[in-house]
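A structural walkthrough
In case you want the letters, here they are:
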Amino acid sequence: MAPPLFNWGVKDSHRGTPVVVKMENPNWSMVELEGPEEEDLMIPTNSPSGVSRDKGKGRGKNAKQLTWVLLLKAHRAAGCLTSLAPALWGLVAAVKRRVAAGKTDADTDGGRENENPAVKTRFYSCIKLFLCLSILLLCFEVAAYFEGWHFGAGRLQLWAPAFGVKDFFDWLYAQWVLVRVEYLSPPLQFLTNACIVLFLIQSMDRLVLCFGCFWIRFKKIKPVPKGGGVVDLESGEKGFSFAPMVLVQIPMCNEKEVYQQSIAAVCNLDWPKGKLLIQVLDDSDDPTTQTLIKEEVQKWQQEGANILYRHRVIRDGYKAGNLKSAMNCSYVKDYEFVAIFDADFQPTPDFLKKTVPHFQENDELGLVQARWSFVNRDENLLTRLQNINLSFHFEVEQQVNGIFLNFFGFNGTAGVWRIKALEDAGGWLERTTVEDMDIAVRAHLHGWKFVFLNDVECQCELPESYEAYRKQQHRWHSGPMQLFRLCLPDIIRSKISVWKKFNMIFLFFLLRKLILPFYSFTLFCIILPMTMFVPEAELPAWVVCYIPAAMSFLNILPAPRAFPFIVPYLLFENTMSVTKFNAMISGLFQLGSAYEWVVTKKSGRSSEGDLVSLIEKGPKHQRGSSAPNLEEMKEELRREEKKKATKKKKHNRIYMKELALAFLLLTASARSLLSAQGIHFYFLLFQGISFLLVGLDLIGEQVD
């Protein structure tokens, strides 16, 4: 007979270990688990088996406690399983909404009105051709599988039989095998081997970077200001040991969601007011946004901030043209350094205090770059995956290159430049969409050194929708190829060392900007599915599974909290390879979308820490804190109504290239199932599902 629920065979005076459980439908959660008092377990020492009985009872109690804990975990797991059905139903409903809406990425949007339609669809046409071919071959292979057609090279014949329909299909399948063996597999195997070599080289580069990061942590290497002192901001202006003139620039364009928080954060920087000037460089073409930003600047001017508003009449050159125009102001010659923050960046008050001292007694230093942190990294799956990627970029790539090479690509924001370095490099140029990388490369060729501060963070936000992230990645991967074409002659002719030239040409540009997206897309999205239909060309399992898994594990180390997302991260990175490859080709060959520039969509999020720090800093104004203004209130109401109307028009899109690749990979997975290739089947299946989810825009921000 089983014992009562909370009575585990102990005397009546003690009811055992109480377990208080509450039920949160459909889950169970354990609130408290207490052990029995020591005196309750005491047994007279004159008992001949006292010790053994005590140990036996304690062991029995622990075993039963563990049993109940495991039962509680099982109840929780069962509760999670019950939520799968509603989740799947919601997924099906979202897919139905996407199909019913009919909005695809083929629709003209803000950044692509001038793009050549022929260039725009060429890449998609190639993917569709591969898809149609794979479906045709799958039907043929299914028929061959059920008919038992398996031909070796010795049985192949070049002539058609003169009798029977079945004999004709036998001959046709034999010809397909012959074409496979003689004409298709050799070039496909050669391309496979070439991509494997590139994959191994890039993996070795990744391993070296990770080893360098480990060495930095092990040796506790950290950039230290040569002056040795930290700016004393507590004792007023007279206490500053190193307080040069600093210009702060906030370039923005139609970013009404974030202008208030960025201006407020910069105006709260701890620096002598007489040695700090803030430029708000507004490139907005929306009159309402211009008015709002101008009013915000005027309110901070009334608070005593040394801040100016600038708006260009001729808005050429995007961000580079905006910064170039600002640097041409006559008063800039009075300043020694310039700090740049994009519109969604919120520096902490001690940002300049932690960065500017590195320039003291270091005349070769041209740039101090801070790390980014993200206020919305846990917003959805898309932001979590972006956080993994960018954490590796800053923690490993930027830090290692900064420590050992004194060179890395400027991130365009959250950095402080020596103005003389900008002038020596030729200033801001509008020739590419990556003006930040452009100025960094030219400054490095002129001998300037860079410092990356991994422990100095500047908060910003990540794109929360796939559409915004896709456009951002397109610009980030097409621009470097434009820049490589333009800078290659200058790099070869420069007076820097041969090692630095090799690092810039092969590692910085070719390996990390060209080879990486090339082999990722070609190997996993084209070659792998094709080897299922041309089995004579083999792709080893360690290339498909083991090395990508190891590289993903290394990528996720700087963000250990995201370890449960290692598999989605691997699949999503391969999914993004289609966008990165398309962008790389566009930039390399100067195709229609190479000069596409779309401002990344912002939501205007602020972290709780930022709000607390601003409150502690002092009672600063907020919008509407001045005397009531009826006209302003009416304008606010009109803007809110307009915003709501705009929200109703917002939608998720269907991405045709991703969908076509999804069906290509799923078709190849069905073929691999026929040939019983286990690892290849699972990889193709899950990768195809990943492409399907992204193609239907089911990752990131969802709009009803």
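Residues numbered from 1 in each chain as written. Predicted model: local features only at pLDDT ≥ 70, side-chain atom pairs only at ≥ 80, totals over all residues. Heavy atoms only, no water.

**Re unusual backbone geometry**
Of note, the phi angle at Y318 is positive, near 55°, even though the residue is not glycine. As for its position among the elements, Y318 is in helix α7 (residues 318-327). A positive phi is found at A414, a non-glycine position, where the angle reads about 60°. Following the sequence through the fold, A414 ends up in the loop between α9 (381-404) and β9 (415-418). (Helix = DSSP H or I, 4+ residues; strand = E, 2+ residues; numbered from the N terminus.)

**Describing the UniProt feature "transmembrane region" (unreviewed entry) in the chain**
UniProt's feature table lists "transmembrane region" (unreviewed entry) at residues 129-146, 190-216, 505-533, 654-673 and 679-699, given in the numbering used throughout. Across residues 129-146, helical content stands at 100% and strand content at 0%; the span's end C-alpha atoms are separated by 26 Å. (UniProt positions renumbered as here; feature names shortened; annotations may be inferred.)

**Some remarks on the pairing of strand β10 (residues 449-460)**
Of the strand pairs in this sheet, strand β7 (residues 346-347) and β10 are connected by two bridges, and their pairing is antiparallel. Residue pairing in the sheet places P347 in a bridge with C458 of β10. Alignment of strand β8 (residues 365-374) against β10, held across nine bridges, turns out to be parallel. Within β10, the residue paired with A370 across the bridge is L453. (Pairing = 2+ DSSP bridges.)

**A closer look at the nonpolar core**
What tends to happen in soluble globular proteins is that the nonpolar side chains get buried as a cluster. Residues I263, L352, W417 and V441 are the most contacted members of the largest nonpolar core, which totals 87 residues. Non-local contacts of V441, meaning those with residues more than four positions away in its chain, are made with F407, L483, C487, M504, F508 and F509. With 59 residues, the next largest nonpolar core counts L188, F524, V534 and I547 among its residues. (Core = buried A, V, L, I, M, F, W, Y, C linked by side-chain atoms within 4.5 Å. Buried < 20%, exposed > 50% of the residue type's maximum accessible area, 1.4 Å probe, protein only. Contact = heavy atoms within 4.5 Å.)

**Looking at the sheet that holds β7**
Strands sit in the order β5-β4-β3-β6-β9-β8-β10-β7 across an open sheet of eight strands; the sheet is mixed. Lying at the two open borders of the sheet, with one neighbouring strand each, are β5 (307-311) and β7. Across the face of the sheet, helix α5 (residues 259-267) comes into contact with β3 (246-252), β4 (276-282), β5 and β7 while running at roughly 175° to β3. (Axes fitted to C-alpha atoms, helices over the stretch in contact; angles between N-to-C directions.)

**Some points on the environment of L693**
Structurally, L693 can be placed in helix α19 (residues 678-695). A relative accessible area of 35% places L693 in the partly exposed class. Along the primary structure L693 and F572 are separated by 121 residues, whereas in three dimensions their C-alpha atoms are 9.9 Å apart.

**With respect to the packing of helix α14 (residues 541-556) against α19**
At a minimum axis separation of 9 Å, α14 and α19 run at an interaxial angle of 60°. Accordingly, the angle class assigned to the pair α14 and α19 is oblique. Remark: the crossing between α14 and α19 carries left-handed chirality. Along the contact surface, α14 presents A541, V544, C545 and Y546, while α19 presents I679, H680 and F683. (Parallel < 35°, antiparallel > 145°, perpendicular 65-115°, else oblique. Left-handed = near helix turned anticlockwise from the far one by under 90°.)

**Here's the deal with the pattern of salt bridges**
Enumeration over the complete set of coordinates arrives at 21 salt bridges. The residue R312 makes a salt bridge to D283 at a minimum N-O spacing of 2.6 Å. Of the two residues, R312 sits in the loop between β5 and α7 while D283 sits in the loop between β4 and α6 (287-302), which places them 29 residues apart along the sequence. Residue classification places R312 among the buried residues on the basis of a relative accessible area of 8%. Between K580 and E573 there is a salt bridge, with its nearest N and O atoms 3.3 Å apart. (Salt bridge = Lys/Arg side-chain N within 4 Å of Asp/Glu carboxyl O.)

**As for the side chain of R180**
Within the secondary structure, R180 is located in helix α4 (residues 165-219). A relative accessible area of 6% places R180 in the buried class. At 3.1 Å, the side chain of R180 forms a polar contact with the side chain of E536. Setting aside residues up to four positions removed in sequence, R180 forms contacts with E141, Y173, S185, P186, F533, V534, P535 and E536. (Polar contact = N/O pair within 3.5 Å; in protein donor to acceptor, adjacent residues only side chain to side chain.)

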